[in-house]
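Survey of secondary and tertiary structure
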Number of protein chains: 2
Amino acid sequence: MIEVGVNGYGTIGKRVADAVAAQPDMELAGVAKTRPNYEAETAVRKGYPLYAAVPDRADRFHEAGIDLAGEAEDMVMKSDVVVDTTPSGIGEQNRELYERYDTPATFQGGEDADVGDTSFVARANYDAAAAEDVDYVRVVSCNTTGLSRLLAPLREAYGVEKARVTLVRRGGDPGQTSRGPINDILPDPVSVPSHHGPDVNTIFPDVDIDTLGVKVPATLMHLHSVNVTLEAEPSAADVRDLLSDESRLFLVPEEAGIDGTGKLKEFAQDTGRPRGDLWENCVWEESVSTEGSDLYLFQSIHQESDVIPENIDAIRALLDREDKQTSMATTDETLGVGLESLFRGARRRVVPREADD
Amino acid sequence: MIEVGVNGYGTIGKRVADAVAAQPDMELAGVAKTRPNYEAETAVRKGYPLYAAVPDRADRFHEAGIDLAGEAEDMVMKSDVVVDTTPSGIGEQNRELYERYDTPATFQGGEDADVGDTSFVARANYDAAAAEDVDYVRVVSCNTTGLSRLLAPLREAYGVEKARVTLVRRGGDPGQTSRGPINDILPDPVSVPSHHGPDVNTIFPDVDIDTLGVKVPATLMHLHSVNVTLEAEPSAADVRDLLSDESRLFLVPEEAGIDGTGKLKEFAQDTGRPRGDLWENCVWEESVSTEGSDLYLFQSIHQESDVIPENIDAIRALLDREDKQTSMATTDETLGVGLESLFRGARRRVVPREADD
């Protein structure tokens with residue numbers, strides 16, 4: 001069993017902990033947290049060994065009536081691998097601690113690319129993290145993960161001449177009550193390109209991609225407006241078939257009656273998914289269109305959860321425990337990745353049609 | 001003097017009426033309205049002759065204590081030209097009334113393209129409306145107006161190989177209290193292309209343009225994420241210079257400290273503009289970037305007001321009273337179009353720079 005420590009127990013950390021606990025080949029060594037808030041209470045209730053992320057904070061947990069298993073360093077010592085989900089910039093500071101105990105680690109996309117020996121998206125470059133001299137990987141951000149998962153099959157099947165993407169980003173997560181905007185549409189950043197294109201190049205160095213960022217008053221998911229100029233001219237139906245074979249892409253079928261991120265999340269909740277998470281890119285099937293070699297589509301990305309399967313796969317890649325296909329299949333099966341199967345019958349009935357006016 | 005009747009006195013109609021009243025060569029024959037609401041009260045207070053847009057509604061106005069000058073047909077009779085700003089689809093039904101009195105008319109972009117003899121954007125095709133056999137023109141929608149104004153100089157200076165635009169649209173106007181979405185990001189329409197590309201082709205039939213529509217919880221302005229593949233490779237500075245020469249494009253300078261549509265509207269209000277209107281495309285100067293022959297930029301479009309100068313110019317074109325340059329200059333001067341002059345000194349100091357990371 002792989003002993004996994006999760007350093008940081010916020011939006012990503014608590015999801016990674018649950019995912020680790022669900023793996024047949026992993027055991028949760030514990031989770032480390034800075035503050036004894038509602039999330040800490042939940043960790044205790046789930047029976048997760050809880051460590052103080054910051055030294056000398058033990059008193060605050062005791063005052064809140066929460067028993068600690070120790071400090072973060074104790075957790076690192078007993079872990080085979082650490083998933084670092086601390087806030088952006090803190091992960092980099094933590095690397096020294098992991099190195100001290102020869103403990104491999106995954107970091108998150110908020111860190112600079114050089115925090116790890118490689119950046120990581122399972123579908124795109126699993127083997128890079130499995131290389132012998134790689135002990136630290138950066139699982140890229142939700143948006144970069146979503147773009148890389150989409151570009152991987154397009155590159156293989158058709159070749160990508162150029163990608164141009166407008167990322168319509170949620171202003172903050174549902175719990176981030178101090179984030180904006182309210183009733184505004186911001187170019188963000190106003191300069192072009194946004195950091196997302198260069199970040200995709202940490203996964204696919206040779207892809208020519210320009211990205212533009214926009215921020216809007218929504219919290220549920222991001223929306224990508226995607227144009228990819230391919231090196232071939234497939235039909236829209238061909239592209240839909242290609243994408244529907246990818247376990248981490250969910251082609252939202254027209255028949256589902258889902259018109260946006262609100263209904264997507266409601267659907268995920270109705271299926272009983274934990275926290276209504278959507279680990280897959282949600283690609284709007286009707287939007288998949290071709291115009292010569294130009295492919296267009298919309299995809300929605302759940303910023304809180306799409307990197308969770310990637311962190312699990314990164315653990316196996318780092319420790320060289322499984323090959324890419326086996327790891328991804330295990331992760332998908334244990335979490336329940338793959339919403340499309342619920343609609344497979346319906347989807348196959350979709351007749352490719354001319355775009356609406 | 002050109003006697004102008006305005007049929008419909010809502011978001012567009014009340015602005016057109018004020019703009020007509022400000023022209024040296026026009027007189028407001030009157031405005032026609034269906035209901036005696038707050039807008040009707042304002043029209044009366046301004047001294048605009050008020051007509052009942054729907055026959056047999058006079059009683060409702062009398063009950064509200066509002067005196068009428070007659071019914072819409074009376075207004076059409078005494079007008080040299082009518083600006084029809086009635087809701088989408090009603091304009092088409094009104095055309096028969098205008099034809100009965102040989103009264104030329106402008107319609108709005110919500111009507112089908114064939115409601116007029118030509119579609120119209122002053123900068124792009126003024127002379128089409130000045131042709132002898134043209135009595136009815138459709139001033140295109142706010143978004144199509146904004147795209148056409150931008151494409152016109154780019155076509156002339158560089159040639160346009162292909163344009164790809166994602167329109168991040170406001171869900172409704174500030175007064176449209178029953179519109180959504182709330183906290184959502186919707187592909188709208190989910191199919192590609194949206195109607196905007198084909199609508200641009202009513203102005204520029206030969207432009208290759210693909211558009212995608214998104215709807216978000218905001219009311220103030222639309223935002224266009226624009227990519228134009230040019231037939232040349234100008235620098236970003238060249239493009240900024242080109243666009244800054246256009247009176248109806250406002251290059252929002254970095255120095256202004258304006259980060260989105262909220263501050264844009266606040267700035268317009270601070271300058272004393274009526275209703276805080278922004279008749280110009282607001283092009284984010286920092287966003288203007290080139291990558292080989294690919295041009296990228298963001299522009300914000302005020303859906304309530306950017307077509308107002310166009311309706312004024314359409315009147316002169318229809319009646320063959322002025323040439324394009326004279327009409328546009330008169331309209332711009334009387335309304336006060338041209339925010340850039342307020343920043344001209346500042347703008348010239350902008351040094352083209354590398355895009356942020």
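For every chain, the first residue of the written sequence is number 1, and numbering continues from 1 onward in sequence order. Just so you know, chain letters begin at A and ligand numbers begin at 1, following the order they were written in. Confidence filtering applies because this is a predicted model: local features only for residues at pLDDT of at least 70, side-chain atom pairs given and counted only at 80 or more, and all residues used for totals across whole chains, interfaces and linings. Hydrogen atoms and water are omitted, and side-chain values are computed over all heavy atoms in the structure.

**What about the overall build of chain A?**
Numbering of helices and strands runs from the N terminus, with a helix taken as a DSSP run of H or I at least four residues long and a strand as a DSSP run of E at least two residues long. Within chain A one finds 13 helices and 16 strands. Radius of gyration: C-alpha atoms only; globule rule: 2.2 Å multiplied by the number of residues to the exponent 0.38. Taking 2.2 N^0.38 as the reference for a compact globule, 357 residues should give roughly 21 Å; the C-alpha atoms of chain A span a radius of gyration of 20 Å, in line with that estimate. Its C-alpha atoms give chain A principal-axis dimensions of about 65 × 45 × 45 Å. We call a residue buried when its accessible area falls under 20% of the maximum for its residue type, exposed when it is over 50%, and partly exposed in between, using a 1.4 Å probe and counting protein chains only. Scored against the burial criterion, the 357 residues of chain A give a buried share of 61%. For this analysis, residues touch if any pair of their heavy atoms sits within 4.5 Å. Within chain A, residue pairs in contact and separated by at least 24 positions form 72% of the contacts whose partners lie at least 6 positions apart. Put simply, chain A shows about 13400 Å² of open surface, and 45% of that area lies on carbon and sulfur atoms. The protein chains shown are the only cover counted for residues, whose accessible areas, like all others here, come from Shrake-Rupley with a 1.4 Å probe.

**With respect to the interface of chain A and chain B**
Contacts between chain A and chain B engage 49 residues on the former and 50 residues on the latter. The term buried area means the drop in 1.4 Å probe accessible area that two parts suffer when joined, counted for both and summed. Summed over both partners, the interface of chain A with chain B buries about 4000 Å², with 59% contributed by carbon and sulfur atoms. Take a side-chain nitrogen of Lys or Arg and a carboxyl oxygen of Asp or Glu: if they are within 4 Å of each other, that pair is a salt bridge. Counting across the interface, chain A meets chain B through 4 salt bridges. Ionic pairing is found between D294 of chain B and R164 of chain A, a salt bridge with its closest N-O pair at 3.1 Å. Polar contact criterion, stated in full: a pair of N or O atoms within 3.5 Å, where within protein one must be able to donate a hydrogen and the other to accept it, and residues adjacent in sequence count only if both atoms are side-chain atoms. Summed over the shared surface of chain A and chain B, the result is 16 residue pairs in polar contact (both at pLDDT 80 or more). Contributions of two or more residues to the side of chain A that touches chain B are made by β9 (160–170), β10 (186–187), β11 (209–216), β12 (222–230), α10 (261–270), β15 (289–291) and β16 (294–301) of chain A. When the residues that make up the side of chain A that touches chain B are grouped by side-chain class, the tally is 21 nonpolar, 15 polar and 13 charged. Classification used: nonpolar for Ala, Val, Leu, Ile, Met, Phe, Trp, Tyr, Cys and Pro, charged for Asp, Glu, Lys and Arg, polar for all others including Gly.

**Side note on empty space enclosed by the protein**
Here a cavity is any set of points on a 1 Å grid over the protein atoms alone where a 1.4 Å probe fits but cannot get out, and a pocket is any open set with protein on both sides within 12 Å along at least 5 of 7 lines; a residue lines the site when it has an atom within 4 Å of a point. Grid points are joined across faces, edges and corners, and a volume is the space filled by probe spheres set on the points. Evaluation of the coordinates by the stated rule reveals 1 cavity of 30 Å³ or more. Forming the walls of the largest cavity are 16 residues, and the residues nearest its centre are R164, T166 and N227 of chain A together with R164 and T166 of chain B. Going through the elements one at a time, β9 and β12 of chain A together with β9 (160–170) and β12 (222–230) of chain B are the ones with two or more residues in the lining of the largest cavity. Grouping the amino acids of the lining of the largest cavity by side-chain chemistry returns 8 nonpolar, 6 polar and 2 charged.

**As for the UniProt feature "binding site: NAD(+)" (unreviewed entry) in chain A**
UniProt positions are given in the numbering used here, feature names are shortened, and annotations may be inferred rather than shown by experiment. The UniProt record marks T11, I12, G110, R170 and Q303 of chain A with the feature "binding site: NAD(+)" (unreviewed entry), using the residue numbering of this structure. Checked against the element boundaries, G110 of chain A lands in the loop between β6 (105–107) and β7 (118–120). We classify G110 of chain A as partly exposed; its relative accessible area is 46%. With respect to the helices and strands, R170 of chain A occurs in strand β9. Not counting residues within four places of it along the chain, the set of residues in contact with R170 of chain A comprises Q176, R179, K215, V216, A218, T219, L220, M221, H222 and Q303 of chain A together with I185 of chain B.

**Some words on the packing of aromatic side chains**
Residues and elements named next belong to chain A. Pairing of aromatic side chains here covers Phe, Tyr and the six-membered ring of Trp, requires ring centres within 6.5 Å, and sorts the geometry by plane angle: under 30 degrees stacked, over 60 edge-to-face, intermediate tilted. Counted according to the given criterion, the structure contains 8 aromatic pairs over all chains. With centroids separated by 6.2 Å and ring planes inclined at 40°, the aromatic side chains of F107 and Y136 adopt a geometry described as tilted. With F107 in strand β6 and Y136 in strand β8 (residues 136–139), this pair connects stretches of sequence that are 29 residues apart. Look at Y136 and you get buried, because its relative accessible area is 5%. Members of the aromatic cluster, connected to one another through ring pairs, are Y98, F107 and Y136.

**Overview of the relation of the copies chain A and chain B**
Overlaying chain A on chain B yields an RMSD of 0.0 Å, the required transformation being a rotation through 180° with an accompanying axial translation of 0.0 Å. The relationship between the two copies is best expressed as a two-fold rotation axis. Of the C-alpha atoms belonging to chain A, the one lying closest to the rotation axis is found on P217 of chain A, 3.0 Å away. When the interface residues of chain A are mapped onto chain B, 100% of them again fall at the interface, so both copies present the same face. The least-squares superposition of copies is restricted to C-alpha atoms, and to residues with a pLDDT of at least 70 in both copies.

**Considerations on the confidence of the model for chain A**
The predictor attaches a confidence to each residue, and that confidence, scored 0 to 100, is pLDDT. In the predicted model, chain A carries a mean pLDDT of 94, and the fraction of residues at 70 or more is 96%. Predicted confidence for residues 346–357 of chain A stays below pLDDT 50, and this span has 24 contacts to residues more than four positions away or in other chains.

**Some words on the domain arrangement of chain A**
All names here are of chain A. By the assigned domains, chain A splits into domain 1 (2–139 + 307–335) and domain 2 (142–306 + 336–348). Domain ranges listed in this record stem from an automatic or a database domain assignment. Each of domain 1 and domain 2 has a C-alpha centre, and the two are 26 Å apart. Counting residues at the interface gives 26 residues for domain 1 and 25 residues for domain 2. Summed over both sides, the interface of domain 1 with domain 2 buries roughly 2000 Å², with 47% coming from carbon and sulfur. Contact with domain 2 buries area across many residues of domain 1, yet R15, R123 and D332 alone supply 32% of it, more than any other trio. Where domain 1 meets domain 2, there are 10 salt bridges. Note that E156 and R123 form a salt bridge whose closest N and O atoms lie 3.0 Å from each other. The tally of links between domain 1 and domain 2 comes to 18 residue pairs in polar contact (both at pLDDT 80 or more). When residues of the side of domain 1 that touches domain 2 are traced back to their parent elements, those giving at least two are α1 (11–21), β7, α6 (122–130), α11 (308–318) and α12 (324–335). A per-element tally of the side of domain 1 that touches domain 2 places α12 first, with 6 residues. Residue composition of the side of domain 1 that touches domain 2, by class: 11 nonpolar, 5 polar and 10 charged.

**Some points on the pattern of salt bridges**
Applying the stated criterion across every chain yields a total of 58 salt bridges over all chains. The closest approach of N and O atoms between R15 of chain A and D277 of chain A, which form a salt bridge, is 2.9 Å. Placement of R15 of chain A in helix α1 and of D277 of chain A in the loop between α10 and β14 (281–284) is noted, with a sequence separation of 262 residues between them. Its salt-bridge partner being K14 of chain B, residue E39 of chain B comes within 2.8 Å of it at the nearest N-O pair. With E39 of chain B in helix α2 (residues 38–45) and K14 of chain B in helix α1 (residues 11–21), this pair connects stretches of sequence that are 25 residues apart. Comparing E39 of chain B with K14 of chain B shows no difference in burial state: the two are buried.

**Notes on the pairing of strand β13 (residues 249–252) of chain B**
All names here are of chain B. Side-chain alternation along β13 places L249 and L251 on one buried face and F250 and V252 on a second face that is also buried. A pair of strands is labelled paired if DSSP reports no fewer than 2 bridges between them. Pairing of β13 with strand β14 (residues 281–284), which is carried by 4 bridges, proceeds in the parallel orientation. Across the sheet, L249 pairs through a bridge with N281, a residue of β14. Looking down the strands as they point away from you, a crossover is right-handed if its path from the first strand over the helix to the second goes clockwise. After leaving β13, the chain enters helix α10 (residues 261–270) and then returns to the sheet as β14, a path that is right-handed.

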